[in-house]
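Structure at a glance
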Amino acid sequence: RGAKEEFRDCISFGIWKIVSDSGTFEFQVNAISAYALIDLEAKLNVARKAHYSPGKACLEGTRQELLANIMQWVGNLESLKIQWVYGFAGSGKSAVANSVGRMLDEEKIPFTYFSCSRDDPDLKDPKRVLPTIAYSLARYYADFRGATTDLLQSPAGLAVETGDPKKQSNLLFG
């Protein structure tokens, strides 16, 4: 099976947190040039519908233990930087992800989100995942935005634009 088939059948999601070298969350949001972000969004070929939807969160009062565990993980600076939640199709993973997104948004904690969907060409294309995550991080972190812009202007940036997921990962996240 190819990467596209593997990705299309993916039934899990990841929640990422960024911890600085000093061990504290970086909540600083710098002034962003709208033009620079629009240019970056176009060059990265971002999947625009990959964002979280607060209206698609879990029903009030449901999955409280799971959501509490995930939020505890978010606050633990010594924990792993990726949390993987998995389950069968239709088991509520997207609702959990949207709930976590809503809680992080309410707390003003920067996060990135990519929602896969086998019914949407943009959301099932593995070539769109890492560029979309990179764009999301660039919105929050000026240093990352600058490095991503520099990378795209270099000869190596062609790998990001051509969509080779392995090369994208190596270039964007090192």
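See the structure above.
Attention here is on the structure that accompanies the text.

Thresholds applied
- Residues numbered from 1 in each chain as written.
- Predicted model: local features only at pLDDT ≥ 70, side-chain atom pairs only at ≥ 80, totals over all residues.
- Heavy atoms only, no water.
- Phe/Tyr/Trp six-rings, centres within 6.5 Å; stacked < 30°, edge-to-face > 60°.
- Helix = DSSP H or I, 4+ residues; strand = E, 2+ residues; numbered from the N terminus.
- Buried < 20%, exposed > 50% of the residue type's maximum accessible area, 1.4 Å probe, protein only.
- Contact = heavy atoms within 4.5 Å.
- Axes fitted to C-alpha atoms, helices over the stretch in contact; angles between N-to-C directions.
- Parallel < 35°, antiparallel > 145°, perpendicular 65-115°, else oblique.
- Left-handed = near helix turned anticlockwise from the far one by under 90°.
- Nonpolar A, V, L, I, M, F, W, Y, C, P; charged D, E, K, R; others polar.
- Polar contact = N/O pair within 3.5 Å; in protein donor to acceptor, adjacent residues only side chain to side chain.
- Salt bridge = Lys/Arg side-chain N within 4 Å of Asp/Glu carboxyl O.
- Expected span 1.5 Å × (residues − 1).

1. Here's the deal with the packing of aromatic side chains
Applying the stated rule across the entire model yields 3 aromatic pairs. Centre to centre, the rings of Tyr-52 and Tyr-113 are 6.4 Å apart; their planes meet at 65 degrees, and the pair counts as edge-to-face. Of this pair, Tyr-52 sits in the loop between α2 (34-44) and α3 (64-75) while Tyr-113 sits in the loop between α4 (93-106) and α5 (126-140), placing them 61 residues apart in sequence. Taking relative accessible area as the criterion, Tyr-113 reaches 14% and is therefore assigned buried. Clustering of aromatic rings is evident, with ring pairs tying together Tyr-52, Phe-111 and Tyr-113.

2. Thoughts on the side chain of Asn-98
Structurally, Asn-98 can be placed in helix α4. Setting aside its immediate chain neighbours within four residues, Asn-98 contacts Tyr-52, Ser-53, Lys-56, Ala-57 and Tyr-113.

3. Remarks on unusual backbone geometry
Positive phi outside glycine occurs at Asn-45, with the angle close to 60 degrees. Within the fold, Asn-45 resides in the loop between α2 and α3.

4. Quick word on the packing of α3 against α4
Contact geometry for α3 and α4: axes closest at 11 Å, N-to-C directions at 50 degrees. With respect to their mutual orientation, α3 and α4 come out oblique. With respect to the hand of their crossing, α3 and α4 are arranged in right-handed fashion. Residue-level contacts link Leu-66, Leu-67, Ile-70, Met-71 and Val-74 of α3 to Val-96, Ser-99, Val-100, Met-103 and Leu-104 of α4. In the contact of α3 with α4, the residues fall into 9 nonpolar, 1 polar and no charged.

5. Description of α5
Within α5, 13 of the 15 residues are buried, which leaves it mostly tucked inside the rest of the structure. Its side-chain oxygen placed 2.9 Å from the backbone nitrogen of Lys-127, Asp-125 serves as the N-cap of α5.

6. Brief notes about the pattern of salt bridges
On inspection of all chains with the given rule, the structure shows 3 salt bridges. Glu-41 serves as the salt-bridge partner of Arg-48, at 3.1 Å between the closest nitrogen and oxygen. Overall, Arg-48 belongs to the exposed group, its relative accessible area being 60%. Among the salt bridges present, the one from Asp-120 reaches Lys-49, with a minimum N-O distance of 2.6 Å. Of this pair, Asp-120 sits in the loop between α4 and α5 while Lys-49 sits in the loop between α2 and α3, and the two are 71 residues apart along the sequence. We classify Asp-120 as buried; its relative accessible area is 13%. Residue classification places Lys-49 among the exposed residues on the basis of a relative accessible area of 51%.

7. Side note on α4
Across its 14 residues, α4 extends 20 Å between first and last C-alpha, which sits within 8% of the 20 Å expected from 1.5 Å per residue. The set of residues buried in α4 consists of Lys-93, Ala-95, Val-96, Ala-97, Asn-98, Ser-99, Val-100, Gly-101 and Leu-104. Directly beyond the C-terminal end of α4, a positive phi value near 60 degrees is found at Lys-108.

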